[in-house]
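Understanding the architecture of this molecule
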Amino acid sequence: MRTRAPFWAPPLMAVQFLTRVPVPWLARLDGARAGDAFVRSTGWLPLVGTAIGIVTATVFALGQLWWPPLVALLVALAVEAWLTGAFHEDAVADFCDAFGAARDAETTRRIMKDSRIGSYGALGLGLAVALRVAATLAVPGSVGLYAIVAAAGIARWCAVLLMAMAPPAATGEGVAKDIGRLPRRSFWLAAVTVLPAIGLLAAGGRWTASVVLVVISLMLVWIARGIRRRIGGSTGDCLGFAAYAAQILVLLVVAGA
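A few points on the structure. (Residues numbered from 1 in each chain as written. Predicted model: local features only at pLDDT ≥ 70, side-chain atom pairs only at ≥ 80, totals over all residues. Heavy atoms only, no water.)

1. What about the environment of Gly100?
Within the secondary structure, Gly100 is located in helix α5 (residues 87-101). Looking at Gly100, the relative accessible area reads 18%, which means it is buried. The sequence separation of Gly100 and Ser119 amounts to 19 residues, and the corresponding C-alpha distance is 9.3 Å. (Helix = DSSP H or I, 4+ residues; strand = E, 2+ residues; numbered from the N terminus. Buried < 20%, exposed > 50% of the residue type's maximum accessible area, 1.4 Å probe, protein only.)

2. A look at the pattern of salt bridges
In total, this model carries one salt bridge according to the counting rule given. One salt bridge in this structure joins Glu80 and Arg132, with 2.8 Å as the shortest N-O distance. Of this pair, Glu80 sits in helix α4 (residues 69-84) while Arg132 is found in helix α7 (residues 119-137), placing the two residues 52 residues apart along the sequence. Residue class for Glu80 comes out buried when judged on its relative accessible area of 4%. (Salt bridge = Lys/Arg side-chain N within 4 Å of Asp/Glu carboxyl O.)

3. Description of the packing of aromatic side chains
One pass over the structure, following the stated rule, counts six aromatic pairs. Measuring from centroid to centroid gives 5.1 Å for Phe17 and Phe87, while their planes differ by 80 degrees, and the two rings are edge-to-face. A residue pair is termed long-range when its members are at least 10 positions apart, and Phe17 in helix α1 (residues 9-18) and Phe87 in helix α5 qualify at 70 residues. Look at Phe17 and you get partly exposed, because its relative accessible area is 23%. With relative accessibility at 32%, the residue Phe87 sits in the partly exposed group. An aromatic cluster of at least three residues, connected via ring pairs, comprises Phe17, Phe38 and Phe87. (Phe/Tyr/Trp six-rings, centres within 6.5 Å; stacked < 30°, edge-to-face > 60°.)

4. Examining the nonpolar core
In this structure, Phe99, Ile154, Trp157, Leu162, Leu201 and Ile227 are the most contacted members of the largest nonpolar core, which totals 56 residues. Mapped onto this core, the elements with two or more residues apiece are α1, α3 (45-63), α5, α7, α8 (141-165), α11 (195-203), α12 (206-231) and α13 (236-256). For this core, the leading source of residues is α13, giving 13 residues. Each residue touching Trp157, except ones within four places of it in the same chain, is listed here: Pro46, Ala190, Ala191, Val194, Ile198, Leu213 and Ile216. Residues Ala72, Leu73, Val133 and Val149 belong to the second largest nonpolar core, which totals nine residues. (Core = buried A, V, L, I, M, F, W, Y, C linked by side-chain atoms within 4.5 Å. Contact = heavy atoms within 4.5 Å.)

5. Observations regarding the packing of α8 against α12
Relative orientation of the contacting elements α8 and α12 amounts to 40 degrees, with a least axis distance of 10 Å. Accordingly, the angle class assigned to the pair α8 and α12 is oblique. Crossing geometry of α8 relative to α12 is assigned as right-handed. Where α8 abuts α12, its residues Ile154, Trp157, Cys158, Leu161, Leu162 and Met165 lie against Val212, Leu213, Ile216, Leu220, Val221, Ile223, Ala224, Ile227 and Arg228. The class makeup of the residues in the contact of α8 with α12 is 14 nonpolar, no polar and one charged. (Axes fitted to C-alpha atoms, helices over the stretch in contact; angles between N-to-C directions. Parallel < 35°, antiparallel > 145°, perpendicular 65-115°, else oblique. Left-handed = near helix turned anticlockwise from the far one by under 90°. Nonpolar A, V, L, I, M, F, W, Y, C, P; charged D, E, K, R; others polar.)

6. Some words on the packing of α1 against α3
Taken N-terminus to C-terminus, the directions of α1 and α3 make an angle of 50 degrees; their axes are 9 Å apart at the nearest point. What the angle tells us is that α1 and α3 run oblique. Considering the relative orientation of α1 and α3, their crossing is right-handed. Contacts between α1 and α3 involve Pro11, Ala14, Val15, Phe17 and Leu18 from the first element and Leu45, Val48, Gly49 and Ile52 from the second. Across the contact of α1 with α3, the residue classes break down as eight nonpolar, one polar and no charged.

Encoded structure:
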C-alpha cells in the first residue's frame, strides 16, 4: 500500500490548510497519503502565504480607487480574514488569553483549548490588528503593497521555523501535534519558497531586509524559549501567534525605514 503522497499533493494541501479555496483533487488521497501530504505541505506554506499577501495587497490597491486608504485597508483585511478563515487572528486571541491570564502550564493549556475569547484575547487581537493597520498605512505608496506581500510570506515561514525550534508540546493539539517533528526536507523547502517574499523585501532595501531577518529571529527565539518553559513546546495557536507577530514586525520595520 502506498503511503507517500504524489508530488502535486503537498502544495495543494498547503492551499487547503491556509485558505478556504476548495481543492477537490485532494479527495483522491487515502488516509495515509493525505497525512503524508499534510506533513510535507509545511514546505509550501511561505509560498501560499505570499499568494495570500498578493490578494490582500490587490484588494487594498483597488479599494483606494473608491475609498480613503484606511477604509480600503480594513476592507482588504476583512477579505483576507474571510479567505483564511481568520486562522491566525484566532490563534492570536487564544495565545494572548492563555499566556496572559494563566501562570502555570495546566491553566495555560486549558485556556488555549477554550474557543471563547477573554479580556486578554480581545485586547491582544485588537492591538495586533491596530498595529498592523497603523504600520501598513505608515509605509508610502507602492512600497506598502510590496510590504504586505513580503510580510505575508515571511510570516508563514516563521511558523515553520518555530516548528523546528520548539517541538510540539506533549499535550498539545492542532497543526503542531499533527505534523510532529518538522521533516528536514520540509524545512529546507520552506527556506526556498520564502525567497520570493524575502526578495521582494530586499528590493526595497537590503538594510531593511537584514533588519527584518534579525528582528524576527530574536522574536522566534523569545517565543520558543517562553513556550518551552511554560507548556513544554509548541501548539497550533503558538505557531499562528508567531506568524501574525512576524507579519506586524515586518511592517513595523519597513515603516520605520
